[in-house]
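Below are the chains, spelled out letter by letter.
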Amino acid sequence: MADWTWEYEGYHPAQERLRESLCTLGNGYFATRGAAPECTADSVHYPGTYAAGCYNRLASDVAGRRVENEDMVNLPNWLPLRLRTGSGTWLSPDTHKVLDHHQNLDLRAGTLERTVRYEDEDGRCLAVRQLRLVHMADPHLALLRTQVTAEGWSGEIEVESALDGTVTNSGVERYRSLASQHLTDVRTGTSPRDTVWLRCRTSRSDIRIGMAARTVTDARAVTDARAVTDARAVTDAPAGTGVAHDNARAVQLLRLSLADGRTVTVDKTVALHTSHDPAIKDPLHAAVERVGRAPDVETLLASHRMAWQQLWRNAELDVPNSAGPVLRLHLFHVLQTLSPHTADLDVGVPARGLHGEAYRGHVFWDELFVLPYLNLHLPEVSRALLTYRHRRLEQACRSARNAGHTGAMYPWQSGSDGREETQQLHLNPRSGRWLPDHSWLQHHVGSAIAYNVWQYCEASGDTEFLHTKGVEMLVRIARFWAGIAAYDGTLGRYRIRGVVGPDEYHDGYPGAGRPGLDDNAYTNVTAAWVLARTLDVLHELPELPRRDLCERTGLDSAELDGWEDVSKKLYVPFHAGVISQFEGYGALDELDWAGYRERYGDIRRLDRILEAEGDTVNRYQASKQADVLMLGYLFSPAELGDLFRRLGHEVDDTAWRRTVDYYLRRTSHGSTLSSVVHGWVLARARRAEAWTYVHEALAGDIADLQGGTTGEGIHLGAMAGTLDLVQRGLTGLETRGGALRFDPVPLPELSEYGFAIRYRGHRGVQLRLSADELLIAVPVSDKEPIDVALADRTVSVAPGESCVLTLHTFREGR
Ligand code: BGC
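Just so we're clear, the structure is a prediction, and the values are computed from it rather than from any experiment. (Residues numbered from 1 in each chain as written. Predicted model: local features only at pLDDT ≥ 70, side-chain atom pairs only at ≥ 80, totals over all residues. Heavy atoms only, no water.)

1. Let's talk about the domain arrangement of the chain
For the chain, the assigned domains read domain 1 (5–312), domain 2 (315–729) and domain 3 (753–813). Using C-alpha coordinates to define each centre, domain 2 is positioned 30 Å away from domain 3. Listed per partner, the contact involves 23 residues of domain 2 and 14 residues of domain 3. Taken together, both faces of the contact between domain 2 and domain 3 bury some 1,400 Å²; the carbon and sulfur share is 43%. Inspection of the region where domain 2 meets domain 3 yields 2 salt bridges. Applying the counting criterion to the domain 2 and domain 3 interface returns 8 residue pairs in polar contact (both at pLDDT 80 or more). (Domains from an automatic or database assignment. Contact = heavy atoms within 4.5 Å. Buried area = accessible area lost by both parts, 1.4 Å probe. Salt bridge = Lys/Arg side-chain N within 4 Å of Asp/Glu carboxyl O. Polar contact = N/O pair within 3.5 Å; in protein donor to acceptor, adjacent residues only side chain to side chain.)

2. What about the nonpolar core?
Ranked by size, the top nonpolar core spans 222 residues in total, and within it W78, W365, W563, L570 and M630 carry the most contacts. The dominant element in this core, judged by the number of residues it contributes, is helix α9 (residues 463–484), at 12 residues. Setting aside chain neighbours within four positions, we find W563 in contact with V475, A478, R479, A482, L531, T534, L535, L538 and L555. (Core = buried A, V, L, I, M, F, W, Y, C linked by side-chain atoms within 4.5 Å. Buried < 20%, exposed > 50% of the residue type's maximum accessible area, 1.4 Å probe, protein only. Helix = DSSP H or I, 4+ residues; strand = E, 2+ residues; numbered from the N terminus.)

3. Concerning the side chain of T195
One can find T195 in strand β14 (residues 195–202). Judged by its relative accessible area of 3%, T195 falls in the buried class. A polar contact of 3.4 Å, which involves the side chain of T195, links it to the backbone oxygen of P192. Polar contacts involving the side chain of T195 include one to the main-chain carbonyl oxygen of R193, which spans 2.9 Å.

4. Quick word on the sheet that holds strand β15 (residues 208–217)
The antiparallel open sheet is built from 9 strands, whose spatial order is β1-β8-β9-β10-β11-β20-β15-β14-β13. Looking at the sheet topology across the chains shown, the edges are occupied by β1 (5–9) and β13 (183–191). Pairwise comparison of adjacent strand axes, ignoring direction, gives a mean angle of 15 degrees for this sheet. Here β15 pairs with strand β20 (residues 263–274) via 9 bridges, running antiparallel. Bridging across to β20, A213 finds its partner in V270. Of the strands in this sheet, β11 (141–151), β13, β14, β15 and β20 touch helix α2 (residues 283–293), which is tilted by about 20 degrees from β15. Packed onto the sheet, helix α3 (residues 297–314) meets β9 (111–119), β10 (125–134), β11 and β20 and runs at close to 125 degrees relative to β11. (Pairing = 2+ DSSP bridges. Axes fitted to C-alpha atoms, helices over the stretch in contact; angles between N-to-C directions.)

5. Side note on the environment of Q413
You can see Q413 is positioned in the loop between α7 (393–402) and β22 (425–428). It is 9.7 Å that separates the C-alpha atoms of Q413 and A351, two residues lying 62 residues apart in sequence. When residues no more than four places from it in sequence are discounted, the contact partners of Q413 are H362, V363, F364, R419, E420, E421 and T422. At a separation of 2.7 Å, a polar atom in the side chain of Q413 contacts the side chain of H362.

Right, dumping it as C-alpha cells:
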C-alpha cells in the first residue's frame, strides 16, 4: 500500500465481499461495488449498484408476521463482461486456474485497476487488465476498459458484455428470508452504434431506471459478430459486433482474434439515469443519448481525474505514519458517497455508504459524525443533507402527532419520505430468532439534527439557512422535547421516559411490560441543549422573520418560558459518583466480562450472545457503544460544564474522568462509532489508551473488525468520524462566536499533521499542527481576516497571510 493506492494481491474468495465494499467506486449520485465483472451474485461475489435516494418498499412474511421494509434498491448490474477462449467455458476465478490476481484502487485518480492472468482448459494463458471508474465529473457515466493479451498462443476469444436486470437485493445474509425483488418490468433492447439498453422500474416507488452500454473494440481484432444463441431477438448489428437482448439481460457479443502478445482493448461505457433526475425526458432516452454522446475513453479519464484532483484540493489531508493512508481511504469513501453532486439531490447520509445493502441504505443519526467534517470542506453538501431533513419536517411532525406528541419526532431510520423505517423485527443470526426491534425509540436523533443545524451554520456563517429552514427545525425539535418531558413533582424535575439512548443494547427494563428506558442522560442533556440553543437563536432572530415564524408555528412567550424551565430542570440521574446512562442503570447486574471474553473471544455483539443463551443484555451494566460519553464527544469541556450547570449540576474534571472510567469498563464496542467516540474522548482527556481506540476506529473497515459486516457496506459514520477526530478532536477546533478556536491535545502517535479547510467563504485555509506549533495560512481573497483564538490569545490572520502560533503548554483538563 502506497500513500495513494490501496492494493490487494491474490484471489481469496473469503475476502471477496470485503474487497468489493472497499473497492467500491462512486460519485455521490451512484456507486458500484468492486465486484469482478465476470462474476454474478453468489456466495462469494456480490455486484451491487446503488443510486442515492433510490428506495423501494416490499412486504414480507417473517415469524408469522407481515412486515414492510424499505430498501435502497440494487440496480441492474452494468459490470458484466466475460471472456472465453475458443469454445471453452466463460473464464471465472472460481472455475479456472488464476495465475495472478491483483487489484489496485487508485485514490488520487478514483479508478480501480484489476489484473488477472487466467489459464484455460487447454493450458493457454490469457492476461486481462481492467480499469474502471464511476465518473466524478459526469455523475451518470461509468466506464470499464478491458485489455486482453494472449500469452504464448494466438486464436479467438469471445467477449460478452451485458447489462443485467435479473438482480435482487440479496447482499445481506440476515435479510435473506425477506422479499428482495424490487425491480420489475425489465425490458432490454438495442440502439445504433453498438449500444444495448435496459429499462425497468421499482415495484412500488415506481422509480424508472434507464441504463445503456456501448461496448467497442479495435475493429481489426473483430472476426465475427454472430448473434448470441440464448437471445430472444437480435437486431441489425453494426459490422463487427453482435448486439442482442433477452428478457432481462441486454447482451453484446464480440468474437476477437488475438495474436500472441498483442493487446486488444474493449471499452464499455455505461450511462445510468432514473426518473428522479432533473432535466431529462425519460431515463431510458437520457441514458441512451448520454452514452452515445460520451467522449472517447482518454477524454473521459482525463475529466474524471481532474474532478478528483479538484476534490482532493478541497479536502487536503496530510497525516504521517500508517494512519495517513487509512484516513485518505476513509476520505475517499466519504467523498464517493457525499460528493458535490449530492448537493443537487434530495438525499440523506446513508449509514453504510452506497457500498452495500446493510441497514437498507437508511439514514440514521450517523450524520452527527459526518456533517461536522463536511461543514469545513463541502458546506453546500451539508446544507443539502440538512435540507433533506427539512423536507421531511412535516412528516416528522405527523409522526409526533400520531404518537400523541407535539413538535417533530424524526425517525430513527429514515428513507424516502421521512416516515419511520426502522425494521419491526430483526434476526439474531446466533439464535435464528426474529425479535422485536425497539430501536425506533431513539428519539435522540432529533437532537443530532438540531446539533448539525447549529454546527453547520456556525461553520459556514449561513445565517439565511439558520433563520429559515434551520430555525424551523430547531423550533419543532425543541417543541417535541418540551412536550415529551413530563414534570415529576416529587423530583422537582422533568423526565423523559420510555426512550432508547445511543446504546442500543438497552431497550427496556428487565421484565418490564413496555419497551424503553427512563431519563437517558444523553437524551436529556442534549434535549436541554436543543431547548437552550433554540431560545438563543430565537432571541437573535430579526424581528420580521421571528414574527412570521411565531405566526406559522403558534409560538408564544408562555411556550418559550416553558422551554426555559424544561431546559434547566431536565432530570439527569447519577449513581456511584458518575452520570447514570439512564435511571436504574447502576442497579443492573455486573457482567462477567472476563468470563464472556474467555468463552466467546469476540464479544462485540454481546446482545446476540446473551439472547442466544436465553438471557438478555438488558439485565446488565453492559453497553454496546458510547452513550453518556457521547456528551464529551459533542461538547467541549467548557460547554459541557455550562450545560450541566444550567441543569443544576457541577460535573468537574474528576467526576467526568470517573464517568469515563466507569463506562470504559462496561462497553463492548459493538458499533464502529464507539471506538471513534472513545478515541476522541480519551484523547481529549489526555489518556494513554486513546490510541488503542483511534487505532481500532482506523482499522474498523479495512480489517473488518465487526465480524464480516464491512462486506455489506462500509461504516460511513466511523470513516468520517476518524477524519473529524483529526480535524476537530485533536485540534479542539471549534467555529464558535465567529472565530476559529483551537485547544489542541497531544496524541503521540499522530504528532504532526496538516489539512485544509473551507471556512466562511475562505477556500483552502491551511492548518498544520505539531506538538508545539500551530500554523495557519489564509489564501489570498477579498474576504475578511480570520480570527484565530487559542486559550490565551486571539490573533487575526488576513487573506494572503500566514501565522505560526506557539502552543505554550497543553492545558490540563479533560
Ligand atoms: C449503531 C447505531 C448506528 C447504526 C448505523 C448501529 O449499529 O448502534 O448507533 O446509527 O448502527 O450505523
